[in-house]
Amino acid sequence: MSEEQKKFMREAISLSLESVNLGGGPFGAVIVKDGKRIAGSANSVTRDVDPTAHAEVNVIRKACKVLDTFDLSGCEIYTSCEPCPMCLAAIYWARIDVIYYGNTKEDARKIGFDDQFIYDEIATDREKRKIMAIPFMHEESIVSFEMWDKKENKIKY
């Protein structure tokens, strides 16, 4: 890795250390485009009382605002830990090109951040998952999908 890449990873690590000092989880992330830092953020789950406020989700939100787009194609993310399933999905939805990470999901598991149950649930048939998912009011719900499908000037994402 280049010295510039190491600099970005060190910033993600620094954000993770700062988060721990502030009482949060040990996670930090930085988004870079064309060699330029776009945004950085740490985990703020406990501070924001928001289970989705992981470092990667937070930094994606910030980078999208800075770049005024929901499409982060051409960007890289440097994160202090291998992304959890939620963050990995968010990275894919944001179309980030490359993920660089420090700690592994096994390292995270060893300190109490074990996401294996989510990976297992995703691979389990809906009917057998721990949280019941019950189809309900499909006839009324499908109307918005039909509207979207017919809309000519929609912004696809």
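The structure this text deals with has already been given above.
Here the structure is a predicted model, which means the values were calculated and not measured. (Residues numbered from 1 in each chain as written. Predicted model: local features only at pLDDT ≥ 70, side-chain atom pairs only at ≥ 80, totals over all residues. Heavy atoms only, no water.)

1. Some thoughts on the pairing of strand β3 (residues 75-81)
With six of seven residues buried, β3 lies mostly within the body of the structure. In this structure, strand β1 (residues 28-33) lies alongside β3, joined through five bridges in antiparallel fashion. Its bridge partner lying in β3, V32 is registered against E76. As defined by bridge partners, β3 adjoins strand β4 (residues 98-103) across five bridges and the pair is classed as parallel. Across the sheet, the residue bridging to I77 is I99, located in β4. (Buried < 20%, exposed > 50% of the residue type's maximum accessible area, 1.4 Å probe, protein only. Helix = DSSP H or I, 4+ residues; strand = E, 2+ residues; numbered from the N terminus. Pairing = 2+ DSSP bridges.)

2. Examining the layout of surface pockets
If a probe the size of a water molecule is rolled over the atoms, the empty space left behind becomes visible. The computed volume of the largest pocket comes to approximately 390 Å³. Lining the largest pocket are 24 residues, with F27, C84, A108, F113 and D115 positioned closest to its centre. Sorting the residues of the lining of the largest pocket by element identifies α2 (45-48), α3 (55-67), α5 (105-110) and α6 (116-123) as the ones contributing at least two each. Of all the elements, α5 adds the most residues to the lining of the largest pocket, at four residues. By residue class, the composition of the lining of the largest pocket is eleven nonpolar, six polar and seven charged. Estimated volume of the second largest pocket: approximately 170 Å³. Surrounding the second largest pocket, F117, I118, E121, I122, R129, K130 and I131 form its lining. Looking at the lining of the second largest pocket residue by residue, the class counts come to four nonpolar, no polar and three charged. (1 Å grid on protein atoms, 1.4 Å probe; cavity = no way out; pocket = protein on both sides within 12 Å on 5 of 7 lines; lining within 4 Å. Points joined across faces, edges and corners; volume = space filled by probe spheres on them. Nonpolar A, V, L, I, M, F, W, Y, C, P; charged D, E, K, R; others polar.)

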